[in-house]
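Here is how the chains run, residue by residue.
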Amino acid sequence: MPNFTYYLLFLHSFNVVPFIYFFRSSSIWSWWPSWRPTSMSLLKTTESKILTCIQNDLWARFVTLPNQDRIWTLTVTNKAVRKPVEQAPKTPLVMVHGFGGGVGLWIRNLDTLSRSRPVYAFDLLGFGRSSRPSFPSDAAKAEEQFVDSIEQWRQSVGLENMILLGHSLGGYLATSYAIQYPSRVSHLILVDPWGYPERPQTQTQSQEGQSQETEVVKRRPLPHWVKAIAAVVSLFNPLAVIRAAGPWGPGLVNRFRPDFKRKFEDMFDDDTMTQYIYHCNAQTPSGEVGFRAMSESLGWAKRPMLQRVHLLPPSIPLTMLYGAQSWVDSSSGDRVVQVRSQAHTKVLLINEASHHVYADQPEEFNRVVKNICNSVN
């Protein structure tokens, strides 16, 4: 489960619920965009500072899809390594970020992972610097729009097949993509994937006549104030509070997510990474609208992937990486192993890592991913 209760506490502590209502009803909407200290230009500037840390060869550009949407794409290669002409090219690694993220979050991984094969990273449609189209409110159609954009991106880039790695929401979409386009995926790597477990039923009192086959989870009822704030938050997109905070938005990101600064403090001694997170998510909402369509209250997926993972062909090897201290329950991975008992499926825990495994323990993460890639070719 996401840290949704902490998010509600955050909203409660800053008294932003009436603040959000004010912005929902006020004529202030007419000048709200200029009130937020963000722009695509500022996002570009902040990201450029991050990407200067890459030492290998970097090609950064927009890839235009047939429908004219643009996907911001990085290709990182190590041209210093000369391969024999007769040696077949290595299968590229494609990295898909999670909710609210962007290509800059892979900064601890791109150089190491690109030493022996090309590495591609792109901003998901509706996130980061990619186009921000409208998304349907239907969960299946929103998911389809994300997956279609990935396939169109692959075709536009010209990749025949790939090692596909997805983190969090990116892991959910990577699985959906692999189910629909299995011939394009040589190995599927899921890092703390979102959206796998089914939402457990809850009960606060005994119910007669209930089927014994139904899984029931008993838990304390949420406090009334939590339910009230959750009801308000459900009316908005997940990151509306960052935009509603206006000039205080960057400070809220620093206060609410200081871990992002700590994860990269040996690379940046300022607020570069939290500024990047802010600028990625203070723009016009798009991808998060799609995510909202795909999710239920408290962050559960409307279409849990555990109900569909059996559709993943057994010919596709699957590795699931979890942070040992993450809020994402690795038991979903154990369920996947059972479902795919006849296929190559592994679950690995990265010690002393939380949800952002790639940044919490980058050396171990890179080592594991490199070994997986080397098993392909």
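Sequence order as written defines the numbering, with residues in each chain counted from 1. Owing to the predicted nature of the model, reporting of local features is limited to residues with pLDDT of at least 70; listing and counting of side-chain atom pairs is limited to 80 or more, with chain, interface and lining totals taken over all residues. Side-chain measures were taken over the full set of non-hydrogen atoms in the model, leaving aside hydrogen atoms and water.

## Comments concerning the pattern of salt bridges
Line of reasoning, step 1. We define a salt bridge as a side-chain nitrogen of Lys or Arg found within 4 Å of a carboxyl oxygen belonging to Asp or Glu. Under the definition given, this model contains eleven salt bridges.
Line of reasoning, step 2. In this structure, Lys 49 engages Asp 270 in a salt bridge whose closest nitrogen and oxygen atoms are separated by 2.5 Å. Taken as a pair, Lys 49 in helix H4 (residues 40-51) and Asp 270 in the loop between helix H11 (258-263) and helix H12 (272-281) lie far apart in primary sequence, 221 residues in all.
Line of reasoning, step 3. The exposure class of Lys 49 is partly exposed, given its relative accessible area of 37%.
Line of reasoning, step 4. Three labels apply to residues, based on accessible area from a 1.4 Å probe with only protein chains included: buried if under 20% of the type maximum, exposed if over 50%, partly exposed otherwise in between. Since its relative accessible area comes to 28%, Asp 270 is described here as partly exposed. Each helix is a run of H or I in the DSSP string that is no shorter than four residues. Each strand is a run of E no shorter than two, and both are numbered from the N terminus.

## Describing the environment of Gln 361
Line of reasoning, step 1. Mapped onto the elements of the fold, Gln 361 is located in the loop between helix H15 (357-360) and helix H16 (362-376).
Line of reasoning, step 2. Gln 361 gets classed as partly exposed once you look at its relative accessible area, which sits at 23%.
Line of reasoning, step 3. Between the C-alpha atom of Gln 361 and that of Gly 323, which follows or precedes it by 38 residues, the distance is 9.0 Å.
Line of reasoning, step 4. What makes two residues a contact is simply this: any of their non-hydrogen atoms within 4.5 Å. Those residues in contact with Gln 361 that lie beyond four places of it in its chain are Ile 350, Asn 351, Glu 352 and Ala 353.

## A look at helix H14 (residues 331-339)
One turn of an α-helix holds 3.6 residues; hence residues three or four places apart share an orientation.
Line of reasoning, step 1. Within H14 the residues assigned to the buried category are Ser 332, Gly 333 and Val 336. The buried side chains of H14 occupy one side of the element, clustering within an arc of 100° when seen end-on. In this description, one arc is meant: the one made by directions from the helix axis to the C-beta atoms.

## Some details on the pairing of strand E4 (residues 119-122)
Within a regular strand, the side chains alternate between the two sheet faces.
Line of reasoning, step 1. A two-sided burial pattern is seen for E4, the buried positions comprising Val 119 and Ala 121 on one face and Tyr 120 and Phe 122 on the other.
Line of reasoning, step 2. The pairing criterion for strands is at least two bridges between them, as found by DSSP. Bridge analysis of strand E2 (residues 70-77) against E4 gives four bridges, and the strand direction is antiparallel. Across the sheet, residue Thr 75 finds its bridge partner in E4, namely Tyr 120.
Line of reasoning, step 3. Summarising the sheet, strand E3 (residues 93-96) and E4 pair through four bridges and their orientation is parallel. Looking at the pairing, Leu 93 lines up with Val 119 of E4.

## Brief notes about the confidence of the model for the protein
Line of reasoning, step 1. Note on scores: pLDDT gives the predictor's confidence for each residue, bounded by 0 and 100. On average, residues of the protein score 84 in pLDDT, and 79% of them are at 70 or above.
Line of reasoning, step 2. Within the model, the stretch residues 1-32 combines pLDDT values under 50 with 53 contacts to residues more than four positions away or in other chains.
Line of reasoning, step 3. Taken together, the stretch residues 203-220 has pLDDT below 50 and engages in 17 contacts with residues farther than four places along the chain or on a different chain.

## Overview of unusual backbone geometry
Line of reasoning, step 1. With a phi close to 80°, Gln 68 is a non-glycine residue in the positive phi region.
Line of reasoning, step 2. In this structure, Gln 68 sits in the loop between strand E1 (57-64) and E2.
Line of reasoning, step 3. The backbone of Ser 168 shows a phi angle near 55°, a positive value even though the residue is not glycine.

## A closer look at the nonpolar core
Line of reasoning, step 1. Take the buried Ala, Val, Leu, Ile, Met, Phe, Trp, Tyr and Cys residues and link them wherever side-chain atoms come within 4.5 Å; each set so joined is a nonpolar core. Counting 46 residues, the largest nonpolar core has Trp 153, Leu 164 and Leu 188 as the members making the most contacts within it.
Line of reasoning, step 2. With seven residues, helix H7 (residues 169-180) is the single largest residue contributor to this core.
Line of reasoning, step 3. Counting 45 residues, the second-largest nonpolar core is a separate cluster that includes Val 103, Leu 110, Val 241 and Tyr 276.

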